[in-house]
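Geometric and topological summary
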Amino acid sequence: MFVQIHTVILRYLQMELKSPFTTSFGTMKTRPVLLVEVVDEDGVCGWGEGVAFSAPWYTEETIETTWHMLETFLIPLLFQAPVYHPDELRDRFSIVRRNYMAKAALEGAVWDAFAKRHGVSLSSALGGEKKEVEVGVSIGIQPITNILKRIEQALAEGYKRIKIKIKPGWDVDVVREIRHHFPDVPLMVDANSAYSLRDIDRLKALDDYELLMIEQPLAVDDIVDHAKLQANLNTPICLDESICSYEDAKRAIELKSCRVVNIKIGRVGGLTEAKRIHDLCQQHHIPVWCGGMLEGGVGRAHSIALATLPHFSLPSDTAASANYWERDFIDPEVTVDNGRIFVRQQIGIGYTVNLTEVERRTVRSKIYKRSRG
């Protein structure tokens, strides 16, 4: 059974965050979302989500470059031939260098359509086994009193892990204060590549606080210096931005650049590549977890499905929709029960896209049709 996509619809949404989210990159008050809808010749539709931001502060991609790559290159490649399995798209799209978030958005929509054509959930189509996924929360840079209140609230809601953003000058003292109030909470820090090896003493000072991990302390394209840093730290390093492919993960494992890997669907180019990295880390006993990108409901649903694979052993960043949005654009919204998301067993992503909510936030859309010739 194959999927022949004949229509692709791109929608650019503008989502307003419930509260500003601050990292070492800057502060976001709104979140652009690129929704991708594919429709096959039998009318089966699939949904994907582009997770690039409005500016290239996380990777080189932006929502505008994502739209351009989809429109000019990736959608025409998709239209060229039927898809017997979404795994094929990794090779079909390989003629386009990088642009992983654009690839992931379109590939994810095809995965959803593929699962629906086969009458199974996306989780099952991927080979997922878990019926529930443990999740944590990510807390941006803000006054310490606000952070402490947010941690207390998150723990009351049952979240299994707390992550805070750090940057030079906003790190050791903050962690010390959190540990004073919450000595036993599973805690990790995310630097978003804000440090260099010159900061090694400051990073080593974090060893005193029994952190789960330090996420991406050094440059986004670095694996070598992370290996040097990891050799001097007791705390595990988790790589995020440095892992954009199976090959990146393989090199990082060989060099001992990290002890944990964060897998984000958009960052690595799609669900197929995410599965390959998961399998590699499983073979080498490297723990993995599913990171978040402030996704809307479709991206959140894809991350939940991915996190059902057996080697995802640490809580994901996929918090409840209500953590970020007054109203998400899926029904039902993603909810968390005592730190767990119960995986929906309906076909495809398991959630219905609410077109009324989508249209309310859409600032631009375009329809692409496959030529019958």
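Here goes a summary of the coordinates provided. (Residues numbered from 1 in each chain as written. Predicted model: local features only at pLDDT ≥ 70, side-chain atom pairs only at ≥ 80, totals over all residues. Heavy atoms only, no water.)

**Section: the sheet that holds strand 8 (residues 214-215)**
Stated formally: DSSP-based pairing: two strands are paired if at least 2 bridges between them are found. Helix and strand definitions here come from DSSP, where helices need a minimum of 4 consecutive H or I residues and strands a minimum of 2 consecutive E residues; each element is numbered from the N-terminal end.
In space, the seven strands of this open sheet follow the order 5-6-7-8-9-10-11, with parallel pairing throughout. Of all strands in the sheet, those with a lone pairing partner are strand 5 (137-139) and strand 11 (288-290), marking the two edges. Pairing geometry for strand 9 (residues 237-239) and strand 10 (residues 260-263), over two bridges, is parallel. Within strand 10, the residue paired with L239 across the bridge is V261.

**Quick notes on the pairing of strand 10**
Heads up, the rule is: Any residue under 20% of the maximum accessible area for its type is buried, any over 50% is exposed, and the rest in between are partly exposed; the area is computed with a 1.4 Å probe on protein chains only. Handedness of a crossover is defined as follows: orient the strands so they point away from the viewer, and if the path from the first strand over the helix to the second runs clockwise, the crossover is right-handed.
Where burial is concerned, the two faces of strand 10 agree: the one with V260 and N262 and the one with V261 and I263 are both buried. Read as a crossover between parallel neighbours, the route from strand 9 over helix 9 (residues 246-255) to strand 10 is right-handed. Across three bridges, the pairing between strand 10 and strand 11 is parallel. Each bridged residue has a counterpart across the sheet, and for V261 the counterpart in strand 11 is V288.

**Some points on the state of the cysteines**
We count it as follows: Cysteine sulfurs are considered disulfide-paired once they come within 2.5 Å of each other.
By the definition in use, this model includes zero disulfides. With no disulfide partner, C244 has as its closest neighbouring cysteine sulfur the one in C258, 13 Å distant. Here C244 falls in the buried class, since its relative accessible area comes to 5%. The thiol sulfur of C281 is not disulfide-bonded, and the nearest other cysteine sulfur, from C258, lies at 7.2 Å. Exposure remark for C281: the relative accessible area of 0% places this residue in the buried category.

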